[in-house]
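Observations on the model geometry
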Amino acid sequence: MSTLSYRAVLSRYRQALAQRRFTIAAPISLVTFLISVFVVQPYAVQYATERASSPVTDIILSNIRVYDVDGAFVYGMFLLIAFIVFLCLVYPKRIPFTLYSLTLFILIRCAFVSMTHLAPFTAAPTDFGPAITRAFFGADLFFSGHTGTPFLMALIYWRVSFLRYLFLAWSVFFAVVVLLGHFHYSIDVASAFFITYGIFHISEWLFPEERKVFYSDVPEPAI
């Protein structure tokens, strides 16, 4: 039976809902994630943007022209979000740990953003409308969420080789895109890998039970 068939997915939901830990963690993780995305993050972006200073020179951006990669920057992230949602909906046991990890990622990034107020290297485009422009093209630079988010997912799905390499490639792709478009400084991109690695292990430490539930639905890696 296909793992994506209706019966297979329904069976996984029945198994997940039979676990008390899941029925408690799933809604809590969803609420905390939504708060981090729609309350904390917009405030941090607005705060950093309003207090942004002048741009500074950069070892990479100062030596390359600006490329038109706006579409890849915006729609690539929408595609990533849709894929993460798809994985969670098809494999419900993975929802709590994934959302807790992403929430921790967003909150820590918001803290960094609130500490650093550099202006973007290049003026932000505005042809995506005010809502997307505020969300994607503010002065919330350190560290790169575009680079860090798929890298976090690669660490979470490390046991699944296909997803691991897919998310790693996605992370490298975004790293190149944000530099070509001058959306982030090189330090924002380079630091994202190190900070995200730390966030992943903090998440494993803070949410050990959710981690167990997640990995109970993920096969052991082949030796």
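1. Some words on unusual backbone geometry
- Going from Phe142 to Phe143, the amide bond is cis rather than trans, its omega being 10°.
- Mapping Phe143 onto the fold places it in the loop between helix 5 (130-136) and helix 6 (145-156).
- Although it is not a glycine, His182 adopts a positive phi angle of roughly 60°.
- Structurally, the position occupied by His182 is in the loop between helix 7 (161-180) and helix 8 (186-206).
- Residue classification places His182 among the buried residues on the basis of a relative accessible area of 4%.

2. Some details on the pattern of salt bridges
- Going through the model one piece at a time under the given rule, you end up with 5 salt bridges.
- For Arg51, the salt bridge goes to Glu50, with nearest N and O atoms at 3.5 Å.
- Across the salt bridge formed by Arg109 and Asp140, the nearest N and O atoms sit 3.3 Å from each other. Here Asp140 lies in the loop between helix 5 and helix 6 and Arg109 lies in helix 4 (residues 95-115), a separation of 31 residues in the sequence. Across the pair, exposure class does not vary: Arg109 and Asp140 are buried alike.

3. Considering a nonpolar patch on the surface
- A cluster of nonpolar residues, Leu30, Val31, Leu34, Ile35, Phe38 and Val39, forms a patch on the protein surface that exposes about 560 Å² of accessible area.
- By the element assignment, Leu30 lies in helix 2 (residues 20-50).
- Look at Leu30 and you get partly exposed, because its relative accessible area is 41%.

4. Quick notes on the nonpolar core
- Counting residues in hydrophobic clusters, the biggest one holds 54 residues, and the most contacted among them are Phe73, Ile156, Tyr157 and Phe167.
- Elements that contribute at least two residues to this core include exactly helix 2, helix 3 (70-90), helix 4, helix 6, helix 7, helix 8 and helix 9 (208-216).
- The element contributing the most residues to this core is helix 4, with 10 residues.
- Contact partners of Phe73, with chain neighbours within four places excluded, come to Phe136, Phe137, His146, Phe174, Val177, Val178 and Phe183.

5. Points about the state of the cysteines
- Inspection of every chain in the model, using the stated rule, returns 0 disulfides.
- Cys110 supplies the cysteine sulfur nearest to Cys88, a cysteine that is in no disulfide, at a spacing of 20 Å.
- Judged by its relative accessible area of 7%, Cys88 falls in the buried class.
- Here Cys110 falls in the buried class, since its relative accessible area comes to 6%.

6. Describing the environment of Ile95
- In this structure, Ile95 sits in helix 4.
- In this structure Ile95 comes out as buried when scored by relative accessible area, which is 16%.
- Between the alpha carbons of Ile95 and Ala26 there is a distance of 6.3 Å; along the sequence they are 69 residues apart.
- Not counting residues up to four positions away in its chain, the partners in contact with Ile95 are Ser29 and Cys88.

7. Some remarks on the packing of helix 2 against helix 4
- Close contact between helix 2 and helix 4 brings their axes to 8 Å; oriented N to C, the two are set at 20°. Classed by the angle they form, the pair helix 2 and helix 4 counts as roughly parallel. In this structure, the crossing between helix 2 and helix 4 has a hand that is left-handed.
- When grouped by side-chain class, the residues that make up the contact of helix 2 with helix 4 number 20 nonpolar, 6 polar and 1 charged.

8. Brief notes about the packing of aromatic side chains
- For the structure on display, the rule yields 19 aromatic pairs.
- When the centroid spacing of 5.7 Å and the interplanar angle of 50° are considered together, the rings of Phe83 and Phe167 count as tilted. Of this pair, Phe83 sits in helix 3 while Phe167 is found in helix 7, placing the two residues 84 residues apart along the sequence.
- Judged by centre distance (6.5 Å) and plane angle (90°), the ring pair of Phe142 and Phe143 falls under edge-to-face. Like Phe142, the residue Phe143 is buried in the burial classification.
- These aromatic residues form a ring-pair network of at least three members: Phe83, Phe86, Phe97, Tyr157, Phe167, Trp170, Phe214 and Tyr215.
- The lysine or arginine in question, Arg94, covers the ring of Phe214, its NZ or CZ lying 6.0 Å from the ring centre.
- A cation over an aromatic ring shows up here: Arg159 above the ring of Tyr215, its NZ or CZ 4.3 Å from the ring centre.

Here is what the cut-offs are and how they apply
Residues numbered from 1 in each chain as written. Predicted model: local features only at pLDDT ≥ 70, side-chain atom pairs only at ≥ 80, totals over all residues. Heavy atoms only, no water. Helix = DSSP H or I, 4+ residues; strand = E, 2+ residues; numbered from the N terminus. Buried < 20%, exposed > 50% of the residue type's maximum accessible area, 1.4 Å probe, protein only. Salt bridge = Lys/Arg side-chain N within 4 Å of Asp/Glu carboxyl O. Patch = residues over 30% accessible without salt bridge, like charges linked within 9 Å, V, L, I, M, F, W, Y side chains within 5 Å. Areas by Shrake-Rupley, 256 points an atom, 1.4 Å probe, with all protein chains shown as cover. Core = buried A, V, L, I, M, F, W, Y, C linked by side-chain atoms within 4.5 Å. Contact = heavy atoms within 4.5 Å. Disulfide = S-S within 2.5 Å. Axes fitted to C-alpha atoms, helices over the stretch in contact; angles between N-to-C directions. Parallel < 35°, antiparallel > 145°, perpendicular 65-115°, else oblique. Left-handed = near helix turned anticlockwise from the far one by under 90°. Nonpolar A, V, L, I, M, F, W, Y, C, P; charged D, E, K, R; others polar. Phe/Tyr/Trp six-rings, centres within 6.5 Å; stacked < 30°, edge-to-face > 60°. Lys NZ or Arg CZ within 6 Å of the ring centre and 35° of its normal.

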